[in-house]
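# Coordinate inspection notes
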Amino acid sequence: MQKVTFQNGVILLMSENTNGFRGRECEISLTIKAGHQNTPLGLAAVYEGIVAKQAMDGVEAVYGGNITSFYTGGSVKELPAALKKLWVACNTPTIDDETVRASVDDIVRHTRDLAAVPDRQTRLAYKHTAFQQNQIVWNSEEYINRVKAISVEDVQDYINTYYVGSNIILGYSGPEHAFEKVEKLARKLFANLPTGKPSKLNKLDYTGGYQQLNGNGVFFIARLGWVVTDIDSFTKTNVLMNVLDARLERELAPLGVTREIKIAGYFGIRTLRVSITATDKEAARKGLDILCANISKLKHKDVSDRRLETSKSRTYNGNLAVAENNVLPRSVHAAWLELKGQSFDRDCFISKVYATTAEDIRDQAEAIFSGKITIVLYGLDTTEEELLTKMQ
């Protein structure tokens, strides 16, 4: 990883990646220290909607509460165009009443359309439950009213405040021979931005918690989560996730229960979130019992040699990767770690995969699953105490 800091505060992170990015030779990203959590409600969403409409093909976004990243990719020859896309999309979009109203209308329609979708409801409930002491309460109509009140001046102030050198991290991941070219191009576009005032990353505390949603009688969902931001070794966590995923795949399939194991990022805090979904209530209950039993098993019993080797192989090949592209694009991941004062060394990550032992997995499970838990149930009536007992 190579880090360059421009005089105006812009940070450029460049890492070698010979594996490409979604079929493209390299990726480039722009990250700012601003988002939904440290700006007026709905403002970041309106701006992101404007960028999405005006950006050239290939620019995508990922949000982390008080962090927003835009990224794209292509060949090394396309780097000038890729960086220009990010510059145009994020610094010089057309901001007028028509574009703002169009973005607002999209958000309002999207919010109302998804308000009753079980997956959407449980994801929002999971986020807000996990940070309940900060009194984050989701109210669709309140959110819609706030969004409707956003003006052209509000969006322009957002850009002027946050798109300044001291708030920007540029990221590149691709062939090392392009480092010099990337730095030259980045300086040409971004070194003349005003330094501005660095924004603070407002910190929320993970509290865990329990919430039941009534459900619609058609879907039954359980989402359980544990904070892993400060858990030592993403590598061991990644192998652990693959062990759990393989066991759940085998045991839940006969019940018709689907599962999802992923790292969910909110406000710079990452949680290991395990979800199960079923269309039969009894199957969902059995699936939840199986999940609890496997969590207990991981804490108290060593994984078999065969399961461990298979899980390490899946980790090496990117399955459920904590630090690879199917969680965050690599350049974005590097930027987010930089904001937390950390760094990512892929070679170190890979070497640790094969050094992971059964004892490491058991210790990692104890470290993660003994922490505060977030539980959200949709259409299920199991109590928090019952679930905790089953996980002992």
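Scroll up to find the structure.
In this report, we go over the structure that sits alongside the text. (Residues numbered from 1 in each chain as written. Predicted model: local features only at pLDDT ≥ 70, side-chain atom pairs only at ≥ 80, totals over all residues. Heavy atoms only, no water.)

Along the protein, the regular secondary structure elements total 14 helices and eleven strands. In terms of overall size, the protein behaves like a compact globule, its C-alpha atoms giving a radius of gyration of 22 Å where 392 residues would be expected to give roughly 21 Å. Overall, the C-alpha framework of the protein stretches about 60 × 50 × 30 Å when taken along its three principal axes. Going through the 392 residues of the protein one by one, you find that 54% of them count as buried. Once local pairs closer than 6 in sequence are excluded, the contacts in the protein between residues at least 24 apart make up 84%. Accessible surface, the protein as shown: approximately 17,500 Å² in total, 48% of it carbon and sulfur. Of the charged side chains in the protein, 48 are positive and 47 negative, and the gap between their average positions amounts to 1 Å. (Helix = DSSP H or I, 4+ residues; strand = E, 2+ residues; numbered from the N terminus. Rg over C-alpha atoms; globule rule 2.2 N^0.38 Å. Buried < 20%, exposed > 50% of the residue type's maximum accessible area, 1.4 Å probe, protein only. Contact = heavy atoms within 4.5 Å. Areas by Shrake-Rupley, 256 points an atom, 1.4 Å probe, with all protein chains shown as cover. Lys, Arg positive; Asp, Glu negative; His and termini not counted. Charge placed at Lys NZ, Arg CZ, Asp CG, Glu CD.)

Turning next to the side chain of Thr356. With respect to the helices and strands, the residue Thr356 is situated in the loop between helix 12 (346-355) and helix 13 (358-369). Judged by its relative accessible area of 4%, Thr356 falls in the buried class. Among all residues touching Thr356, those that are not within four sequence positions of it are Thr235, Lys236, Val239, Leu308, Lys312 and Ile361.

Another point: the pattern of salt bridges. Under the criterion given, the structure shown has 21 salt bridges. Measuring nitrogen to oxygen at the nearest pair gives 2.7 Å for the salt bridge that ties Glu338 to Lys3. Of this pair, Glu338 sits in helix 11 (residues 330-339) while Lys3 sits in strand 1 (residues 2-5), and the two are 335 residues apart along the sequence. The partner of Glu282 in a salt bridge is Arg285, and the shortest N-O contact between them spans 3.8 Å. Here Glu282 pairs with Arg285, and both are found in helix 9 (residues 281-300), just three residues apart, close to one helical turn. (Salt bridge = Lys/Arg side-chain N within 4 Å of Asp/Glu carboxyl O.)

Turning our attention to the packing of helix 3 (residues 97-114) against helix 5 (residues 140-148). Put simply, helix 3 and helix 5 touch, their axes get as near as 10 Å, and they point 175° apart. The angle between helix 3 and helix 5 falls in the class roughly antiparallel. In contact with Arg101, Val104, Ile107, Val108, Thr111 and Arg112 of helix 3, helix 5 contributes Ser140, Glu141, Tyr143, Ile144, Val147 and Lys148. Classifying every residue of the contact of helix 3 with helix 5 by side-chain character gives six nonpolar, two polar and four charged. (Axes fitted to C-alpha atoms, helices over the stretch in contact; angles between N-to-C directions. Parallel < 35°, antiparallel > 145°, perpendicular 65-115°, else oblique. Nonpolar A, V, L, I, M, F, W, Y, C, P; charged D, E, K, R; others polar.)

The next point concerns the sheet that holds strand 3 (residues 26-32). A sheet is described by the order of its strands in space; here six strands give the open sequence 1-2-6-3-5-4, paired in mixed fashion. Either end of the sheet is taken by a strand with one partner, and the two such strands are strand 1 and strand 4 (60-63). Direction aside, the axes of adjacent strands within the sheet are offset by 20° on average. For strand 2 (residues 11-16) and strand 6 (residues 168-174), the ladder comprises six bridges, and the chain directions are parallel. Residue Leu12 lies in a different strand from strand 6, and its bridge partner there is Leu170. (Pairing = 2+ DSSP bridges.)

Evaluated as defined, the whole model comprises seven aromatic pairs. For the pair Tyr47 and Tyr158, a centre-to-centre distance of 5.2 Å together with 45° between the ring planes defines the contact as tilted. With Tyr47 in helix 1 (residues 43-54) and Tyr158 in helix 6 (residues 152-162), this pair connects stretches of sequence that are 111 residues apart. In this pair, the class of Tyr47 matches that of Tyr158, namely buried. Summarising the aromatic geometry, the rings of Trp87 and Phe190 are spaced 5.3 Å apart at their centres and angled 85° between planes, so their arrangement reads as edge-to-face. A residue pair is termed long-range when its members are at least 10 positions apart, and Trp87 in helix 2 (residues 79-91) and Phe190 in helix 7 (residues 179-190) qualify at 103 residues. Residue classification places Trp87 among the buried residues on the basis of a relative accessible area of 19%. Owing to a relative accessible area of 0%, Phe190 belongs among the buried residues under this scheme. By way of ring pairs, the aromatic residues Tyr47, Tyr158, Tyr162 and Tyr163 are connected into one cluster. A cation over a ring is seen here: Arg273 above Tyr126, with NZ or CZ 5.5 Å from the ring centre. (Phe/Tyr/Trp six-rings, centres within 6.5 Å; stacked < 30°, edge-to-face > 60°. Lys NZ or Arg CZ within 6 Å of the ring centre and 35° of its normal.)

Because each turn of an α-helix spans 3.6 residues, side chains separated by three or four positions in sequence point in the same direction. Here helix 2 is 13 residues long and its end C-alpha atoms lie 18 Å apart, about the 18 Å a rise of 1.5 Å per residue gives. Each element contacted by the buried residues of helix 2 is listed here: strand 3, helix 1, strand 5 (68-74), helix 6, strand 6 and helix 7. (Expected span 1.5 Å × (residues − 1).)

The next thing to look at is the environment of Val164. When you line up the elements, Val164 lands in the loop between helix 6 and strand 6. Overall, the relative accessible area of 4% leaves Val164 in the buried class. Between the C-alpha atoms of Val164 and Glu180, which are 16 residues apart in sequence, the distance is 23 Å. Beyond its immediate chain neighbours, meaning those up to four positions away, Val164 contacts Pro194, Thr195, Gly196 and Lys197.

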